[in-house]
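Remarks on the overall topology
The lines below spell out each chain.
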Amino acid sequence: MSSKVSALDMPDVPMGQLPEHLHLQRTRVVCKADAPVHTEGIQYSGAYASIGVDNSVGVDSFCKSFKVKVVRLTKEEIEFDMIGIDASLANAFRRILIAEVPTMAIEKVLMVNNTSVVADEVLAHRLGLIPLNADPRLFEYLSENDAPNERNTIVYKLDVSCKKGSPRVTVKSDQLKWLPHGSELQMDSHDISSKAKSYTSFSCIQDSLPEFSKKPLGVKFDDIIIAKLGPGQAIELEAHAVKGIGKMHAKWSPVATAWYRMLPEIALLKEVTGADAEKLVKKCPVNVFDIEDIGNAGGKKAVVANPRTCTLCRECIRGVNEELVELRRVKDHFIFTIESTGALSPEELFIEAVKILEDKCDRVISELS
Amino acid sequence: MVSFCLQISVPSEHREKEFAMEHGSATDSSSSTFSLMDEDHTLANSVRYTLNQDPRVIFCGYSIPHPSENKVNIRVQTTGDPAKDVLKDGFQNLMVMCQHVRSTFGKAVDDFRANESPERMKIDTP
Ligand code: SF4
């Protein structure tokens, strides 16, 4: 690639196929020492029309070539490869995972008493961030005109105190107690004759519903520190959790993070042998390269053994006058990682995210027709 | 009895129904701009991709006129077919692709579970 060749001297390219350098530009990002090049995705179907190459990927050919391979799957985390998809779609899934897949989170905190050093609003914010063990698909959104009921609200109670003269108390998330009956607090009413109303209007007890009787709606992790109480301090409050999305507030984001990277591809432009090979292997901090013996004469040659682990630190191309290595990324191969905060398993989260994109399409289609 | 009531996030604006509005010329239906409310890069960039893959599309792009407005404009110019129909097909294709991604992903997870060694399963299950 480094030496310039006249176009007239280039070999003929068969019809309907891209010449090698254009193919490289289309499918790979090349990471140079100062900046990456060819980062854009070439989406337009007629991009290569002038040389008789069709750049469109029809839905059928997409379906044929698209592949998913799961690399790692635990309760909290999934890593998988998505092959043969455009960055716009991969990014849409990532954005939806972070901002649009709903979860339940504490939204309203009714403070009865708080004499701890943690200010009310700070405490409320801390409570909001605690992941709840509730499947958001079983709940409805609480809109402005709705009364909080068993289908859109979960009520928790926190009542802790530290006696005078006793050592300090650490309040952890397991002390948040689920109230399946709804709020226990009475609304202030100016009308003395009317019956006192509570802050929620549950029509039945939440744990009598079949979906919640087996799986109590507790917190996901019971060792999250909420506050520390000194002698004589107390917190009494009620927390109401509702359904929401990460766009509104990050506490509703179902993922700790969701991210992807393109598959690294490392090309050795020349054969690297002997001492140079040793040097190259030593340079890489994550052991992308390896030494291979050539022949019986004890000759050594560098090979690319683990391109996937490359972190793009660019150490191997730093300060060399002669280009030996080219760092590339495959544009349509994504290594996708999702870390769930616990409400849903990571694989369910991805499926939910794709469904949300489908729903968006569906909505627009019905508007358009 | 309750001394303090805190709402942590901003009150939720109720989600307005999304609508597509057309700005185009009255005589030429082959080029139009569509406004989608309550949408952003997530949908617009994906549909730009599927539209660009459609050979009937000469030009397609999107813009978000102002960052504090939840609105995106999608411009479609076609070789002759009504832009509205082409846009609809773009969304249709995107939906089919999503369905395929979902089923492929589901299969891949099942395969992974099936191939997992029994010991690993024991660690993973509570
Ligand atoms: S960029 Fe860094 S991690 Fe990647 S191959 Fe070069 S030295 Fe190794």
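What you are looking at is a predicted structure, and each value in this text was computed from that prediction instead of being measured.

Turning to empty space enclosed by the protein, a few remarks are in order. All names here are of chain A. All told, the structure shown has one cavity of 30 Å³ or more when counted by the stated rule. Lining the largest cavity are 14 residues, with C284, F289, C310, C313 and C316 positioned closest to its centre. Here the lining of the largest cavity is composed, by residue class, of 10 nonpolar, one polar and three charged.

Residues and elements named next belong to chain A. Relative to each other, helix α3 (residues 87–99) and helix α7 (residues 346–368) sit at 105°, their axes nearing to 9 Å. Considering the angle they form, α3 stands roughly perpendicular to α7. Between α3 and α7, the residues in contact are L89, A92, F93, I96 and L97 and L349, F350, A353, V354, I356, L357 and K360, respectively.

We now examine the side chain of K331(A). All names here are of chain A. If you trace the backbone, K331 turns up in strand β14 (residues 325–340). Notably, K331 is buried but unbridged: the nearest opposite-charge side chain belongs to E40, and the N-O separation is 5.0 Å. Among the polar contacts listed, one links the side chain of K331 to the backbone oxygen of H38, at a separation of 2.9 Å. A polar side-chain atom of K331 sits 2.8 Å from the main-chain carbonyl oxygen of E40. Ignoring sequence-local partners within four residues, the contact set of K331 consists of Q25, R26, T27, R28, V29, H38, T39, E40, I85 and M262.

Surrounding the ligand, one finds 14 residues, the nearest of these being C284(A), C310(A), C313(A), R314(A) and C316(A). Its residues assigned to classes, the shell around the ligand comprises 11 nonpolar, one polar and two charged.

So, on to the interface of chain B and chain A. Across the boundary between the two partners, chain B contributes 61 residues, which contact 65 residues of chain A. With its nearest N and O atoms 2.5 Å apart, the salt bridge here joins R113(B) to E347(A). Applying the counting criterion to the chain B and chain A interface returns 12 residue pairs in polar contact (both at pLDDT 80 or more). Residue assignment for the side of chain B that touches chain A shows that the elements contributing at least two residues are β1 (4–7), β3 (31–37), α1 (41–52), β4 (57–63), α2 (83–115) and α3 (118–124) of chain B.

Moving on, we get to the nonpolar core. Counting 58 residues, the largest nonpolar core has F80(A), M82(A), F93(A), L97(A), I338(A), F350(A) and F91(B) as its most contacted members. For this core, the leading source of residues is α2(B), giving 13 residues. When residues no more than four places from it in sequence are discounted, the contact partners of I338(A) are E76(A), E77(A), I78(A), F80(A), L97(A), V255(A), T257(A), A258(A), P346(A), L349(A) and F350(A).

Moving on: the packing of aromatic side chains. Here the structure, examined in full by the defined rule, presents 10 aromatic pairs over all chains. An angle of 25° between the planes, with centres 5.2 Å apart, marks the rings of F62(A) and F66(A) as stacked. Taken as a pair, F62(A) and F66(A) share a single burial class, namely buried. Between Y260(A) and F334(A), the aromatic rings sit 5.0 Å apart at their centres with planes inclined by 75°, giving edge-to-face as the arrangement. Taken together, the residues span a long stretch of sequence, with Y260(A) in strand β11 (residues 255–268) and F334(A) in strand β14 at a distance of 74 residues. The rings of F80(A), F93(A), Y260(A), F334(A), F336(A), F350(A) and F105(B) are connected pair by pair, giving a single aromatic cluster. Across the ring face of Y141(A), the terminal group of K243(A) is positioned such that the distance to the ring centre comes to 4.9 Å. The cationic tip of K251(A) hangs over the ring face of W252(A); the distance from NZ or CZ to the ring centre is 4.7 Å.

Turning to the UniProt feature "domain: DNA-directed RNA polymerase RBP11-like dimerisation" (unreviewed entry) in chain B, a few remarks are in order. According to UniProt, the positions carrying the feature "domain: DNA-directed RNA polymerase RBP11-like dimerisation" (unreviewed entry) are residues 32–103 of chain B. With 46% helix and 29% strand, residues 32–103 of chain B has its two end C-alpha atoms placed 34 Å apart.

Cut-offs and rules
Residues numbered from 1 in each chain as written. Chains lettered and ligands numbered in written order. Predicted model: local features only at pLDDT ≥ 70, side-chain atom pairs only at ≥ 80, totals over all residues. Heavy atoms only, no water. 1 Å grid on protein atoms, 1.4 Å probe; cavity = no way out; pocket = protein on both sides within 12 Å on 5 of 7 lines; lining within 4 Å. Points joined across faces, edges and corners; volume = space filled by probe spheres on them. Nonpolar A, V, L, I, M, F, W, Y, C, P; charged D, E, K, R; others polar. Axes fitted to C-alpha atoms, helices over the stretch in contact; angles between N-to-C directions. Helix = DSSP H or I, 4+ residues; strand = E, 2+ residues; numbered from the N terminus. Parallel < 35°, antiparallel > 145°, perpendicular 65-115°, else oblique. Contact = heavy atoms within 4.5 Å. Buried < 20%, exposed > 50% of the residue type's maximum accessible area, 1.4 Å probe, protein only. Lys, Arg positive; Asp, Glu negative; His and termini not counted. Salt bridge = Lys/Arg side-chain N within 4 Å of Asp/Glu carboxyl O. Polar contact = N/O pair within 3.5 Å; in protein donor to acceptor, adjacent residues only side chain to side chain. Near = heavy atom within 4 Å. Core = buried A, V, L, I, M, F, W, Y, C linked by side-chain atoms within 4.5 Å. Phe/Tyr/Trp six-rings, centres within 6.5 Å; stacked < 30°, edge-to-face > 60°. Lys NZ or Arg CZ within 6 Å of the ring centre and 35° of its normal. UniProt positions renumbered as here; feature names shortened; annotations may be inferred.

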